[in-house]
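Chain by chain, the residues:
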Amino acid sequence: MINILAVIPARYDSQRFPGKPLVMIGDRPMVQWVYEAAKQCPSFSQVVVATDSELVAQCVEKFGGVVEMTSSTHLSGTDRVAEVATRYPQALAVTNVQGDQPFVRPEMLTQLVAPYLNPDKALPDMTTLACPLDYQTGYADANVVKVLCDRHNRAIYFSRSPIPYFRNSVPAPVFHHLGLYAFRRDFLAEYAKLTPTPLEECEALEQLRVLEHGYSIQVCHTQVATLEINTPEDLIEAQSLIAQGII
């Protein structure tokens, strides 16, 4: 079995939502929701939370989770994941399980790492997850990231804009991108050294750095998106779903 490390980056000092990992959803802090979902994924050999916050660390230890302290200078969650990965040399693949996706499902995580589960095949540089795009609500929404794929399910481009432009009414391989990533461990170390790129900075999408430097991203598929908690308004929606028994 391939050794796969799952890392949950949990930044307390979020610009848009300070203290986000510790907000309560139902009876548990958000970081605990993510941790418990990751622990239920049978494909993971180890699950850890990566943070530079003592408050987050204390919370994780209180509910019995494993925590790794990291530098406070990281610009992205992937950089934090890369630091932690250096401490687990036995891992052949490393997953970035976003700390703002409390309702992520174990089967989604298995779909994300599926290309790493066959030791007889070459392991991809990187994988990510996507689901069918709701054209009515998501196509023109800048908060819904779109990904175009080639015939081998490799990413061609990611954008917040409505892509592609439908001059002709024909089906196109465009999907709703979900911010979950997995990496071959040696590539993750290489990724951490890559310089930021123009399209990445223009769109504010760090995965474009990989494509601009000439590497590939394998896009794996799932059926539906889950609610991400990026703002206080998202938290209110999550709490409402819990109260209604929908989740």
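Points about the overall build of the protein
Inference 1: Looking only at helices and strands, the protein has 8 helices and 11 strands in total.
Inference 2: Taking all 247 residues of the protein together, 51% fall into the buried category.
Inference 3: Contacts spanning at least 24 positions in sequence make up 67% of the contacts within the protein whose residues lie at least 6 apart.
Inference 4: When the accessible surface of the protein is summed, it comes to about 12,000 Å², and 52% of that surface belongs to carbon and sulfur atoms.
Inference 5: The averaged location of the 27 negative side-chain charges in the protein is 4 Å from the averaged location of its 19 positive side-chain charges.

As for helix α4 (residues 106-113)
Inference 1: Those residues of α4 lying buried are P106, M108, L109, L112 and V113. Looking down the long axis of α4, one finds its buried residues gathered within 160 degrees of arc, a one-sided arrangement.
Inference 2: On its buried side, α4 packs onto β1 (4-9), α1 (30-39), β6 (93-96), β7 (126-132), β10 (174-184) and β11 (218-221).

Some remarks on the pairing of strand β8 (residues 146-149)
Inference 1: Alternating residues of β8 divide into K146 and L148 and V147 and C149, and every residue in both groups is buried.
Inference 2: As judged from the 4 bridges shared by β8 and strand β9 (residues 155-159), these two strands associate in the antiparallel manner. Bridge pairing links C149 to A155 in β9.
Inference 3: Taking the residues that link successive antiparallel strands as the turn, the β8-β9 hairpin has 5 residues, and the phi of N153 there is positive, at about 60 degrees.
Inference 4: Note: β8 against β10, 3 bridges, orientation antiparallel. If you follow V147 over to β10, its bridge partner there is F175.

Let's talk about the packing of aromatic side chains
Inference 1: Within the structure shown, the criterion is met by 8 aromatic pairs.
Inference 2: Aromatic pair Y139 and F166: ring centres 5.9 Å apart, planes at 55 degrees, arrangement tilted. One end of the pair, Y139, is in the loop between β7 and β8; the other, F166, is in the loop between β9 and β10, with 27 residues separating them in the sequence.
Inference 3: The partly exposed category is assigned to F166, whose relative accessible area is 30%.
Inference 4: Taking NZ or CZ as reference, R28 lies 3.8 Å from the ring centre of W33, over its face.

A few points about helix α2 (residues 54-62)
Quick reminder: α-helices carry 3.6 residues per turn. Residues three or four places apart thus point the same way.
Inference 1: Regarding α2, the residues found buried are V56, A57, C59 and V60. Viewed end-on, α2 has its buried residues packed into an arc of 160 degrees, placing them on one side of the element. Counted as exposed and oriented over 90 degrees from the buried face of α2: E54, E61 and K62.
Inference 2: Just past α2, the residue G64 takes up positive phi, approximately 90 degrees.

Some thoughts on the side chain of E200
Inference 1: Position of E200 among the secondary structure elements: in helix α6 (residues 198-203).
Inference 2: E200 gets classed as buried once you look at its relative accessible area, which sits at 9%.
Inference 3: Excluding residues within four positions of it along the chain, E200 makes contact with L205, E206, L208, R209 and E212.

Some remarks on the side chain of D79
Inference 1: Note that D79 resides in helix α3 (residues 77-85).
Inference 2: Buried and without a salt bridge, D79 has R209 as its closest oppositely charged side chain, separated by 4.8 Å.
Inference 3: Excluding residues that lie within four positions of it along the chain, D79 makes contacts with H74 and A192.

Let's talk about the pattern of salt bridges
Inference 1: Taken as a whole, this structure holds 11 salt bridges when the rule is applied.
Inference 2: Across the pair E36 and R28 runs a salt bridge, and its minimum N-O distance is 2.6 Å.
Inference 3: Notably, a salt bridge pairs R209 with E200, separated by 2.6 Å at the nearest N-O pair. Across the pair, E200 and R209 agree in class, each one buried.

What counts as what
- Residues numbered from 1 in each chain as written.
- Predicted model: local features only at pLDDT ≥ 70, side-chain atom pairs only at ≥ 80, totals over all residues.
- Heavy atoms only, no water.
- Helix = DSSP H or I, 4+ residues; strand = E, 2+ residues; numbered from the N terminus.
- Buried < 20%, exposed > 50% of the residue type's maximum accessible area, 1.4 Å probe, protein only.
- Contact = heavy atoms within 4.5 Å.
- Areas by Shrake-Rupley, 256 points an atom, 1.4 Å probe, with all protein chains shown as cover.
- Lys, Arg positive; Asp, Glu negative; His and termini not counted.
- Charge placed at Lys NZ, Arg CZ, Asp CG, Glu CD.
- Arc of directions from axis to C-beta.
- Pairing = 2+ DSSP bridges.
- Phe/Tyr/Trp six-rings, centres within 6.5 Å; stacked < 30°, edge-to-face > 60°.
- Lys NZ or Arg CZ within 6 Å of the ring centre and 35° of its normal.
- Salt bridge = Lys/Arg side-chain N within 4 Å of Asp/Glu carboxyl O.

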